[in-house]
Amino acid sequence: MVKVTVCGAAGGIGQPLSLLLKLNSKVSELSLFDVVNVPGVGADLSHICSDSKTQSFLPSSREDKTALAESLKGSNLVVIPAGVPRKPGMTRDDLFNINAGIIKGLAEGIAENCPDAFVLVISNPVNSTVPIVAETLKKNNVYNPKKLFGVTTLDIVRANTFISQLFPSDTKPTDFNINVIGGHSGETIVPLYSLGNSGDYYSKLSSEEKSKLINRVQFGGDEVVQAKNGAGSATLSMAYAGYKLAESILKAFDEPGVIECTYLNLDSSIKGAAEAKKLVGDLEFFSLPVELSKEGIKEVKYELLTKINEDEKKLLSVAIDQLSKNIEKGVKFVNN
Ligand code: NAD
Ligand code: LMR
């Protein structure tokens, strides 16, 4: 029996993500929470003849905490795409003032109603919203760093697609699983194309082509924001990416060796986290590949940090500098 709750289920990401979760045979109960429109989304999804039960929860007023509590109670996994998306000209950090409070409120609900759940944070700015969830759970004495995930999967999805587009006759996007490390905004996104099976293709590119490719992964979100022209940011590719991480986590409940990149707290209770932390300027949060298990993150695969080339080291150093500020901002929001 696995209960999954989506907070922000009526949104642009929330709806397709909930649809994908509804189709996963491991999910027995799908709980949908939003502050608008969620009864309609719930009624619609509930007609699908998959085996999970669907329920929706809408607060009756701003003060009503019962709907959130009911939606979360007994959840094994909570996915959070709640909050506002960017418009052209905005950075993800510009969303902080609105989304920080939303995320803190949802994290308080999780602390009270399903403290053992896996928590997957999609809402931007991820570099700061994940520390907000961590600090809120800590304050409530229920924090387990092994179960907190910042969703950076869309960066990997883009990295795989974009390199394949450069070698259309030799490759397919599914040939690749690029490690993209760091954070989830602009220059904090560091794709490691030199490693693994992308290395040979990447080495065929000129310096200019390499820079263009890296830049496209780092600023891929802007392509969608501009194309949507004020109507939001990536939703469908994000729902796919968020589902991919959730699916892997559910798979790892029964299978060993499942690995995904995620933005995690490099807490010393996690195997490999202390070693990783030393290699990333002592940052508390960073995206790296991790091995998953039923108990959460089993191990951080930090060794790739010792294999990166000189160009990637430079990208890493820029990412570290920006990330430290983003992390501090999230931590301060909860503690001040
Ligand atoms: P959206 O506006 O379409 O949907 C957001 C939903 O959140 C809305 O339905 C809204 O009612 C709901 N909401 C607001 N406050 C809430 C609360 N307190 N509790 C529950 N629900 C609440 O936005 P979207 O396009 O789905 O994007 C959502 C977030 O995801 C944005 O912050 C966006 O920047 C982020 N995002 C992250 C990634 C990533 O890679 N991590 C990718 C794309 C978008
Ligand atoms: C993305 O990478 O598409 C998301 O973070 C949304 C955004 O604001 O670009």
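The residue numbering used here restarts from 1 in each chain and proceeds along that chain's sequence as written. By the order in which they are written, chains take letters starting at A while ligands take numbers starting at 1. Per-residue local features of the predicted model are confined to residues with pLDDT of at least 70, and side-chain atom pairs are confined, for both listing and counting, to 80 or more; whole-chain, interface and lining totals are unaffected and use all residues. Neither water nor hydrogens contribute to the side-chain values; these are computed over all heavy atoms in the structure.

J.: Where do I start with the site of ligand 1 in this structure?
T.: Only heavy atoms are used to decide nearness, and a residue is near a molecule or strand if one of them lies within 4 Å of it. The full set close to ligand 1 counts 29 residues, and G12, I13, D34, V84 and N124 are the nearest of them. A distance of 2.9 Å is found between an oxygen atom of ligand 1 and a backbone nitrogen or oxygen belonging to I13. Under the convention used here, a 1.4 Å probe and the Shrake-Rupley method define accessible areas, while residue burial counts only the protein chains that appear. For ligand 1, the accessible surface in isolation is 860 Å², of which the surrounding protein chains cover 86%. Sorting elements by how many residues they give to the shell around ligand 1 places helix α4 (residues 96–113) first, with 3 residues. The residue makeup of the shell around ligand 1 includes at least three contributed by each of domain 1 (3–150) and domain 2 (152–336). Two N or O atoms form a polar contact when they lie within 3.5 Å of each other; inside protein one atom must be a possible hydrogen donor and the other a possible acceptor, and for residues adjacent in sequence the pair counts only when both atoms belong to side chains. Secondary structure elements follow DSSP: runs of H or I no shorter than four residues count as helices, runs of E no shorter than two count as strands, and numbering proceeds from the N terminus. An automatic or database domain assignment provides the domain bounds reported here.

J.: For this particular structure, what's the right way to read the site of ligand 2?
T.: Around ligand 2, the surrounding shell consists of R86, R92, N124, L154, R158, H184, G221, S233 and A234. In this structure, R158 approaches ligand 2 through a side-chain N or O atom, which is 2.7 Å from an oxygen atom. Measuring from an oxygen atom of ligand 2, one finds a side-chain N or O atom of H184 at 2.5 Å. About the coverage of ligand 2: the protein hides 96% of its 260 Å² of free accessible area. Any residue that is not Ala, Val, Leu, Ile, Met, Phe, Trp, Tyr, Cys, Pro, Asp, Glu, Lys or Arg is counted as polar, Gly included; the first ten are nonpolar and the last four charged. When the residues that make up the shell around ligand 2 are grouped by side-chain class, the tally is 2 nonpolar, 4 polar and 3 charged. Taken domain by domain, the makeup of the shell around ligand 2 includes at least three residues from each of domain 1 (3–150) and domain 2 (152–336).

J.: So what exactly am I meant to see when it comes to the nonpolar core here?
T.: The tendency in soluble globular proteins is for nonpolar side chains to be buried side by side. Buried Ala, Val, Leu, Ile, Met, Phe, Trp, Tyr and Cys residues that are joined via side-chain atoms within 4.5 Å together make up what is termed a nonpolar core. Accessible area is worked out with a 1.4 Å probe on protein chains only. A residue is then buried under 20% of its type maximum, exposed over 50%, and partly exposed in between. Of all hydrophobic cores here, the largest spans 91 residues; its most connected members are L21, L77, I80, L120, I249, F286 and L288. Shared between two domains, this core holds at least three residues of each, these being domain 1 (3–150) and domain 2 (152–336). When checking whether two residues touch, look at their non-hydrogen atoms; a contact exists if any pair is within 4.5 Å. If near-sequence neighbours (up to four positions away) are discounted, L288 is found in contact with I181, E260, C261, T262, L264, L266, A276, V300, L304 and L305. Within the second largest apolar cluster, 16 residues are counted, among which are F167, Y202, I214 and C261.

J.: Explain the side chain of T235 here, please?
T.: Checked against the element boundaries, T235 lands in the loop between α9 (220–228) and α10 (236–251). Given a relative accessible area of 17%, T235 falls into the buried group. In this structure T235 touches G12, I13, P16 and K228, once residues within four positions along its chain are discounted.

J.: Got a minute to help me understand the domain arrangement of the protein chain in this structure?
T.: When the parts come together, some accessible area is lost, and that loss is often what is quoted as the size of the interface. Segmentation of the protein chain into domains returns domain 1 (3–150) and domain 2 (152–336). Centre-to-centre, using C-alpha coordinates, domain 1 lies 22 Å away from domain 2. With 42 residues of domain 1 in contact, the opposing surface of domain 2 contributes 52 residues. Once two parts are put together, the accessible area they lose, assessed with a 1.4 Å probe and summed over both, is termed the buried area. The three residues of domain 1 that bury the most area against domain 2 are R92, N127 and K146, which together make up 17% of that side's buried surface. Should a side-chain nitrogen of Lys or Arg be within 4 Å of a carboxyl oxygen of Asp or Glu, the pair is scored as a salt bridge. Note that K26 and D254 form a salt bridge whose closest N and O atoms lie 3.1 Å from each other. Counting the contacts that link domain 1 with domain 2 gives 18 residue pairs in polar contact (both at pLDDT 80 or more). Looking at the side of domain 1 that touches domain 2, the elements with two or more residues in it are α1 (14–22), α4, β5 (118–121), α5 (126–139) and β6 (148–150). Counting residues per element, the side of domain 1 that touches domain 2 draws most heavily on α5, which supplies 10 residues. Looking at the side of domain 1 that touches domain 2, its residues break down into 23 nonpolar, 9 polar and 10 charged.

J.: Would you mind showing me how to read unusual backbone geometry here?
T.: In most cases, non-glycine residues show a negative phi, while peptide bonds are predominantly trans. Residues N124 and P125 are joined by a peptide bond in cis, for which omega reads -5 degrees. Looking at where P125 falls in the secondary structure, it is placed in the loop between β5 and α5. Residues other than glycine seldom take positive phi values, yet N37 does so here, at roughly 60 degrees. One non-glycine residue, N141, lies in positive phi territory at about 55 degrees.

J.: Explain the packing of α1 against helix α2 (residues 38–46) to me, please; I cannot follow it from the model alone.
T.: Packed helices, taken two at a time, are described by their axes: the angle between them and the distance between them. With axes taken as lines fitted to C-alpha atoms, and helix axes fitted only over the stretch in contact, angles between N-to-C directions fall between 0 and 180 degrees. Put simply, α1 and α2 touch, their axes get as near as 11 Å, and they point 30 degrees apart. Considered as vectors, α1 and α2 are oriented roughly parallel to each other. The chirality of how α1 crosses α2 is right-handed. Facing α1, whose interface residues are Q15, S18, L19 and K22, α2 presents V41, L45 and S46. Each residue belonging to the contact of α1 with α2 can be placed in one class, and the counts come to 3 nonpolar, 3 polar and 1 charged. Angles are sorted into four bins: roughly parallel if under 35 degrees, roughly antiparallel if over 145, roughly perpendicular if 65 to 115, and oblique for all others. Two helices that cross are described as forming a left-handed crossing if the nearer one is turned anticlockwise from the farther one by less than a right angle, and a right-handed crossing if clockwise.

J.: What exactly am I supposed to notice about the pairing of strand β2 (residues 29–33) here?
T.: Each regular strand carries side chains that alternate between the two faces of the sheet. With 4 of its 5 residues buried, β2 lies for the most part within the structure. By definition, two strands form a pair when at least two bridges between them are found by DSSP. Bridge analysis of strand β1 (residues 3–7) against β2 gives 5 bridges, and the strand direction is parallel. Residue pairing across strands places V6 opposite L32, the latter belonging to β2. With its strands directed away from the observer, a crossover is right-handed exactly when the path from the first strand over the helix to the second travels clockwise. On the question of chirality, the crossover connecting β1 to the parallel β2 by way of α1 is right-handed. Summarising the sheet, β2 and strand β3 (residues 53–57) pair through 5 bridges and their orientation is parallel. Bridge pairing links E29 to K53 in β3. Note on the crossover from β2 through α2 to β3: the handedness is right-handed.

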